[in-house]
Amino acid sequence: MHHPTQQRYNSMLALMASAEVDGNSAPGRAATRLQAELSERKIDLVTTVSSSDACVILSTNPAIQCLLINWALPGDGECPVLEVLEQLRTRNQKMPVFLLADQQTVSTMPRRALELANDFIWMLEDTPTFIGGRIQGAIERYRHTVLPPMFRALTHFARVHEYSWHTPGHTGGTAFLKSPAGRAFYDFFGENMLRSDLSVSVTELGSLLDHTGPIAKGEQYAAKVFGADRTYYVTNGSSTSNRVILMASVTRGQLALCDRNCHKSVEHAITMSGAVPTYLVPLRNHYGLIGPVPPQQLTASAIDKAIQQNPLTRDAKSSRAVHAVITNSTYDGLCYNVRRVEELLGESVDRLHFDEAWYSYARFNPIYHDRFAMYDSDKPTAKTGPSKFATQSTHKLLAALSQASMIHIRDGRKPIEHGRFNEAFMMHASTSPLYSIMASNDVSAAMMDGPGGRTLTGESIAEAVAFRQVLARLRQEYRDKEEWFFDGWQPDHVSDPDNGHNYAFHSAPADLLCREPKCWLLNPHDAWHGFGDLEPGYCMLDPIKVSITTPGIERNGQLADWGIPASIVSKYLDNLDIIVEKTTDFTILFLFSIGITKGKWGTLVNALLAFKRDYDANRSLSQCLPNLLKKQPRYGDIGIKDLADRMFTTMTKLGSTAQLSAGFSALPHADCSPVQAYEALVRGDVEMLPLNQLAGRTAATGVVPYPPGIPLLMPGENFGQADSPALSYLKALESFDREFPEFAHDNHGVEVRDGHYRIYVLRGDLP
Ligand SMILES: *Cc1c(COP(=O)(O)O)cnc(C)c1O
């Protein structure tokens, strides 16, 4: 059977960089003969005659598996070949490189060239068959080394299950071929995706549940790359990773410290484990962006006090917390100094759990030094320090399939050894995990291994910095003309610690911004961040998480006299097929992941400029937001500025931005623990009520407005009085949504009926 996709996967590609790739000279004829030989061996050859072109090809085509480079290759600079090799090695240390030379030149070649290349080819002396064989051998060895263990085993396991009697029932895809819809599915996803969809009864790949065979080798490899003692591949997202860790660490009635800025899955994990949560409340700024939990809240005495003030801890078995969960980095890209967090929290708790769902790349760039859970992995684990857990959604910011996630563990005090941990792991795992998800975890580790991680993260940072600087420069130019423009959320000024030079952000050397963490620190009382008196060095803004801000709010938190709600800008961008990560009242978040292509942000800058033109000219919705007008004709064909004004006036009237900050700053009173509330929900001891009947009632589910998906109320918490911060905020959201349904908020735990919010509360006596 002929497998076109399989063949494409197996094809080999080499680059030959030489001025003499054809023609009538002896070396040219030798090159032509070699090309014919390679073609016999199914090795395709790309050729180039210049060193600069070779650099471009090598950096843009990772399919190339071998470089043949003529020592006499012309180019700029003193030693063009050496430059090509140096550049290649910054991103790829393993690709085989053959130097084409004659034996005399070798004696004069710089040592560095010999170090960077692997071997020589004497084009005129050796036979094409001999040279071709060596090249083929090198490519095959290389391919073996670039593939991480689990993925490598999967690709070798290319057997077609023609006589298989086990699941999956599509048997390598053949079942799909029996119907037109199936055939379309098969053609769309391709044969390899289906042939590699295996059952756990295929023993050659080992088992995810037992952590054996190539799967275990993959996990061990990832542990090495990500700096953990142990790594677990998870195929159901970090949602599951968080649940596995909590279930392995905390039991019913035990105390857990929990960042209030936690993901829904942590809320679920707390509910399932029966833990009694005590919250660590993060800061909020004037934009409503969530800041870090300040260090003052993490000291032993502050933790004691928080536990004591928590009405739920009277039922707890001990007043010492067994586990703490911190979100690092935050959605908006604020990263903690983990060394400092560990020092503080480590006094109160033996197990620290960092939710790094958005942050799996941190270890690979020195700008994040000390700011991720496994920061100290170059040293042997201190058994006296807390045990550490990190969950990472490899699919979010590295290259992996959706649901690919990893748990990394460093064992310190009160470790949970593998045997015990794996019980929780298996409880949450499917017995039919998708092998391609595991393989993508494996591949994302391989991509970050060696110089690749540094290069790939460096490229994202460089693109993000370039975008931020262009935006800041445009903003300055417009400001000089007393006109508005978008702004980036970042320091106004940065200084170079080496020479003390101070720069406006847009005029700082890009190289300084790309390498110097000090440029991104949230220094105490800096107005731009709005988090007040933060400890120096405690918190840093991640350059690749770019929030742009729209006019409408002052740095003191007052609403301005005019403004542009960010959601209208997001709708405008959406109309141009630019989809943003997150929109709040006056901010829009863009992620510069490693998938970024060079200059992709240029389109975004153009779109923002186009928005400004359309807004300033108050162009009609039929022209700039036709889809919106079609769906919501009630707006009428007004101008885009008119719509923005209308929305801004409503936001001013409702005070929603300030309500948001208030709603999330004060902790509601907890009437019962999340698991008690959940049990009442399951028993049906709940009723669903509109907002005006919620005063004094206890939420049965979490109430989680999106974005950013942080619980306003946890299950078991009280809504407070009719004018409580939580209820006031929900009422503001409800009124806004009724007026602007196309811009309506998405709130988990809230059902909307005829424009009214309704929420489950506990009925009758509290448990
Ligand atoms: C997305 C997210 C998760 C869940 O990750 P999935 O891989 O989508 O299941 C957990 N924590 C945080 C902070 C997240 O943002």
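Definitions and cut-offs
- Residues numbered from 1 in each chain as written.
- Predicted model: local features only at pLDDT ≥ 70, side-chain atom pairs only at ≥ 80, totals over all residues.
- Heavy atoms only, no water.
- Pairing = 2+ DSSP bridges.
- Helix = DSSP H or I, 4+ residues; strand = E, 2+ residues; numbered from the N terminus.
- Axes fitted to C-alpha atoms, helices over the stretch in contact; angles between N-to-C directions.
- Contact = heavy atoms within 4.5 Å.
- Domains from an automatic or database assignment.
- Salt bridge = Lys/Arg side-chain N within 4 Å of Asp/Glu carboxyl O.
- Polar contact = N/O pair within 3.5 Å; in protein donor to acceptor, adjacent residues only side chain to side chain.
- Nonpolar A, V, L, I, M, F, W, Y, C, P; charged D, E, K, R; others polar.
- Phe/Tyr/Trp six-rings, centres within 6.5 Å; stacked < 30°, edge-to-face > 60°.
- Buried < 20%, exposed > 50% of the residue type's maximum accessible area, 1.4 Å probe, protein only.
- Lys NZ or Arg CZ within 6 Å of the ring centre and 35° of its normal.
- Near = heavy atom within 4 Å.
- Areas by Shrake-Rupley, 256 points an atom, 1.4 Å probe, with all protein chains shown as cover.
- Patch = residues over 30% accessible without salt bridge, like charges linked within 9 Å, V, L, I, M, F, W, Y side chains within 5 Å.
- pLDDT = per-residue confidence, 0-100.
- UniProt positions renumbered as here; feature names shortened; annotations may be inferred.
- Arc of directions from axis to C-beta.

## As for the sheet that holds strand 3 (residues 66–70)
- As summarised here, the arrangement of the five strands in space is 2-1-3-4-5, forming an open sheet in which the pairing is parallel. Looking at the sheet topology across the chains shown, the edges are occupied by strand 2 (43–48) and strand 5 (119–121). Averaged over all neighbouring strand pairs, the angle between strand axes comes to 25°, with direction disregarded.
- Direction of pairing for strand 1 (residues 12–17) relative to strand 2: parallel, over a ladder of six bridges. Residue pairing in the sheet places Leu15 in a bridge with Val46 of strand 2.
- Against the sheet, helix 4 (residues 80–91) engages strand 3 and strand 4 (97–100), with an angle of about 165° to strand 3.

## Things to note about the domain arrangement of the protein chain
- Segmentation of the protein chain into domains returns domain 1 (12–146), domain 2 (211–449), domain 3 (459–637) and domain 4 (656–762).
- Relative to domain 4, the C-alpha centre of domain 2 lies at a distance of 27 Å.
- Each side of the interface is counted separately: domain 2 has 22 residues, and domain 4 has 29 residues.
- Connecting domain 2 to domain 4 are two salt bridges.
- Note that Glu717 is salt-bridged to Arg260, the shortest N-O span being 2.8 Å.
- Counting across the interface, domain 2 meets domain 4 through three residue pairs in polar contact (both at pLDDT 80 or more).
- Breaking the side of domain 2 that touches domain 4 down by element, the ones donating at least two residues are helix 13 (264–273) and strand 8 (276–280).
- For the side of domain 2 that touches domain 4, the per-class residue count stands at eleven nonpolar, six polar and five charged.

## Observations regarding the packing of aromatic side chains
- For the structure on display, the rule yields 34 aromatic pairs.
- The interplanar angle of 65° and the centroid separation of 6.1 Å between the aromatic rings of Phe586 and Phe648 together place this pair among those described as edge-to-face. In this pair, Phe586 sits in the loop between strand 19 (582–583) and strand 20 (587–591) while Phe648 sits in helix 25 (residues 640–654), placing the two residues 62 residues apart along the sequence. The burial state of Phe586 is the same as that of Phe648; both residues are buried.
- Through a chain of ring-to-ring contacts, three or more aromatic side chains come together here, namely Tyr478, Trp484, Phe485, Phe486, Trp562, Tyr572, Phe611 and Tyr615.
- Over the ring of Tyr331 we find Lys582, and its NZ or CZ is 5.1 Å from the ring centre.
- Positioned over the ring face of Tyr478 is Lys612, at 4.6 Å from the centre of the ring.

## Quick word on the site of the ligand
- Around the ligand there are 13 residues in total, and Ser239, Asp355, Trp358, His395 and Lys396 lie nearest to it.
- Here an oxygen atom of the ligand and a backbone polar atom of Ser238 are 2.9 Å apart.
- At 2.9 Å from an oxygen atom of the ligand is found a side-chain nitrogen or oxygen belonging to Ser393.
- Within the complex, 84% of the 380 Å² of free accessible area of the ligand lies under protein.
- Taken together, the elements giving at least two residues each to the shell around the ligand come down to helix 12 (237–249) and helix 16 (394–397).
- With four residues, helix 12 is the largest single contributor of residues to the shell around the ligand.

## Things to note about the environment of Lys414
- Mapped onto the secondary structure, Lys414 falls in the loop between strand 13 (405–410) and helix 17 (418–428).
- Aside from chain neighbours lying at most four places away, what touches Lys414 is Asp350, Arg351 and Ser387.

## Structural notes on the sheet that holds strand 18 (residues 545–549)
- With respect to topology, four strands assemble into an open sheet ordered 14-18-20-19, the strand pairing being antiparallel. Since the sheet does not close on itself, it has two edges, and those belong to strand 14 (487–488) and strand 19, each with one partner.
- Judged from the two bridges that link them, strand 14 and strand 18 form a sheet pairing that is antiparallel. Looking across to strand 18, one finds that Gly488 is bridged to Ile548.
- Across the sheet, helix 19 (residues 451–480) lies against strand 14 and strand 18, angled at about 15° from strand 18, the strand it touches most.

## Here's the deal with a nonpolar patch on the surface
- Among the surface-exposed residues, Phe185, Phe188, Phe189, Met193 and Leu401 lie close enough to one another that they form a single nonpolar patch of about 480 Å² accessible area.
- Among the elements that line the nonpolar patch, the one with the most residues is helix 9 (residues 180–189), at three residues.
- As for its placement among the helices and strands, Phe189 is situated in helix 9.
- For Phe189, a relative accessible area of 42% translates into the label partly exposed.

## Here's the deal with the confidence of the model for the protein chain
- Per-residue pLDDT for the protein chain has a mean of 91; in total, 97% of the residues score no lower than 70.
- In this model residues 1–7 is a low-confidence stretch, pLDDT under 50, and it forms ten contacts with partners more than four residues away in sequence or in other chains.

## Observations regarding the UniProt feature "modified residue: N6-(pyridoxal phosphate)lysine" (unreviewed entry) in the protein chain
- With numbering aligned to this structure, UniProt lists the feature "modified residue: N6-(pyridoxal phosphate)lysine" (unreviewed entry) at Lys396.
- With respect to the secondary-structure elements, Lys396 resides in helix 16.
- Its relative accessible area of 27% is what places Lys396 among the partly exposed residues.
- What Lys396 contacts, discounting residues up to four positions off in sequence, is Ala357 and Trp358.

## Notes on the environment of Lys264
- Along the chain, the position of Lys264 falls in helix 13.
- Here the alpha-carbon distance between Lys264 and Thr231, two residues 33 residues apart in the chain, equals 23 Å.
- Not counting residues up to four positions away in its chain, the partners in contact with Lys264 are Val704, Tyr706 and His748.

## A word on helix 26 (residues 656–665)
- Those residues of helix 26 that fall on the buried side of the exposure criterion are Ser656, Thr657, Leu660, Ser661, Gly663 and Phe664. Along the axis of helix 26, the buried residues cluster in a sector spanning 165°; they form a single face.
- Tucked inside the fold, the buried residues of helix 26 contact helix 25, strand 22 (704–706) and helix 28 (725–739).

## Structural notes on the side chain of Asn328
- Within the fold, Asn328 resides in the loop between strand 9 (321–327) and strand 10 (334–336).
- On the basis of relative accessible area, Asn328 is assigned to the buried category, the value being 0%.
- In this structure the side chain of Asn328 is engaged in a polar contact, spanning 3.0 Å, whose partner is the backbone nitrogen of Tyr336.
- Here the side chain of Asn328 touches Arg371 through a polar contact of 3.0 Å, landing on its backbone oxygen.
- Contacts of Asn328, omitting those with residues within four sequence positions, involve Leu334, Cys335, Tyr336, Val338, Phe354, Asp355, Glu356, Tyr359, Arg371 and Phe372.

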